[in-house]
Amino acid sequence: MNFLNAKKVFAEYLRQYNTSDDKIRLKIVHTYGVVNAAETIAKGLNLSQEDTDLARHIALLHDIGRFEQLRRYNSFDDSIIPHAELSLTILFDEGMISDFIQERCYDSLIYTAIKYHGVYSLPPSLTGSELLHSQIIRDADKLDNFRVKETDSILTMLDVTEEELADERISNHMYESFLNHKPILNSERETHMDMWISYLAYIFDLNFDVSLAYVEEHDIVNKLLNRVSSNVPETRERIEAIKAAAYQYLNTRTRFIG
């Protein structure tokens, strides 16, 4: 595997899209952020050079379908068309995977990791390298999503202004799910404020100690919850309770991390 070549191919692929568009730009930066996160996880797991290179390639390619999704629909909404499905079409049905990786022995593993990187939970049938790399890309994707939520505009991410978001409520279902330390199904979100809280709920689906340590070291809970303000007293109270629940969970999970 030649990662430098894969990055060149990726940059060339992006030339067909409007890279000055905020949504396109967000996903380009996110892609390289996921690569960095995957490298951090691989290092923390003491993986071989082969597995580290494989994790980097999967990270580079995991969201390649996002750009076509945005060109067609100007939306990140997977209910219109799943971006992972588009990624697999581009890479495997259209054959672009051979431009990124010469070796064909990794195709099945890469296909599986990309297919399942954004689903609610991994199928229990996954084992061995397929399970490992599916878990790595899921964690890496979430870790960089935390950075995205900290730095990019609310309007670009949610299609509402910060002022509009401040008038929204957290639904009862979202609130109860978070307090019970449950990841959130996208279809269960009722408001844009629900969407925002669901991003923090990614912590409940992290697989590795190195990922949880990242959340603590980068103060993710405070950064995400302090990013939004609310004009609704009940919502402000619920955000404080959500913050407490997040720290309770992290303290329990990280208590025995070295």
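Calculation rules
Residues numbered from 1 in each chain as written. Predicted model: local features only at pLDDT ≥ 70, side-chain atom pairs only at ≥ 80, totals over all residues. Heavy atoms only, no water. Core = buried A, V, L, I, M, F, W, Y, C linked by side-chain atoms within 4.5 Å. Buried < 20%, exposed > 50% of the residue type's maximum accessible area, 1.4 Å probe, protein only. Helix = DSSP H or I, 4+ residues; strand = E, 2+ residues; numbered from the N terminus. Contact = heavy atoms within 4.5 Å. Axes fitted to C-alpha atoms, helices over the stretch in contact; angles between N-to-C directions. Parallel < 35°, antiparallel > 145°, perpendicular 65-115°, else oblique. Left-handed = near helix turned anticlockwise from the far one by under 90°. Nonpolar A, V, L, I, M, F, W, Y, C, P; charged D, E, K, R; others polar. Phe/Tyr/Trp six-rings, centres within 6.5 Å; stacked < 30°, edge-to-face > 60°.

Colleague: I'm lost on the nonpolar core in this one. Help?
Modeller: As a rule of thumb, soluble globular proteins bury nonpolar side chains together. Among the nonpolar cores identified, the biggest contains 77 residues, and Phe-100, Leu-158, Phe-178, Leu-200 and Ile-203 are the most heavily contacted of them. Among the elements that line this core, the one with the most residues is helix α2 (residues 22-44), at eight residues. Beyond its immediate sequence surroundings of up to four residues, Leu-200 is in contact with Phe-146, Phe-178, Ile-220, Val-221, Leu-224, Leu-225, Ile-242 and Ala-246.

Colleague: Would you mind going over the packing of α2 against helix α3 (residues 49-61) with me for this structure?
Modeller: Describing two packed helices takes the angle between their axes plus the distance from one axis to the other. Put simply, α2 and α3 touch, their axes get as near as 8 Å, and they point 160° apart. Overall, the two elements α2 and α3 adopt an arrangement that is roughly antiparallel. Every pair of crossing elements has a handedness; the one defined by α2 and α3 is right-handed. Residues Thr-31, Tyr-32, Val-34, Val-35, Ala-38, Glu-39 and Ala-42 of α2 pack against Thr-52, Ala-55, Arg-56, Ala-59 and Leu-60 of α3. Among the residues making up the contact of α2 with α3, the classes are represented as eight nonpolar, two polar and two charged.

Colleague: How should the packing of aromatic side chains be read in this particular structure?
Modeller: Centre distance and the angle of the planes are the two values used to describe a pair of aromatic rings. Inspection of the entire model under this criterion finds ten aromatic pairs. Measuring from centroid to centroid gives 6.1 Å for Phe-10 and Phe-67, while their planes differ by 65°, and the two rings are edge-to-face. Placement of the pair is Phe-10 in helix α1 (residues 3-13) and Phe-67 in helix α4 (residues 64-73), with a sequence separation of 57 residues. The exposure class assigned to Phe-10 is buried, which follows from its relative accessible area of 0%. Judged by its relative accessible area of 0%, Phe-67 falls in the buried class.

Colleague: What is the right way to look at the side chain of Arg-56 in this model?
Modeller: Within the fold, Arg-56 resides in helix α3. Apart from the residues lying within four places of it in its own chain, the contact partners of Arg-56 are Phe-3, Val-35 and Glu-39.

So, to be careful, I would describe these as geometric facts and stop short of saying anything about function.
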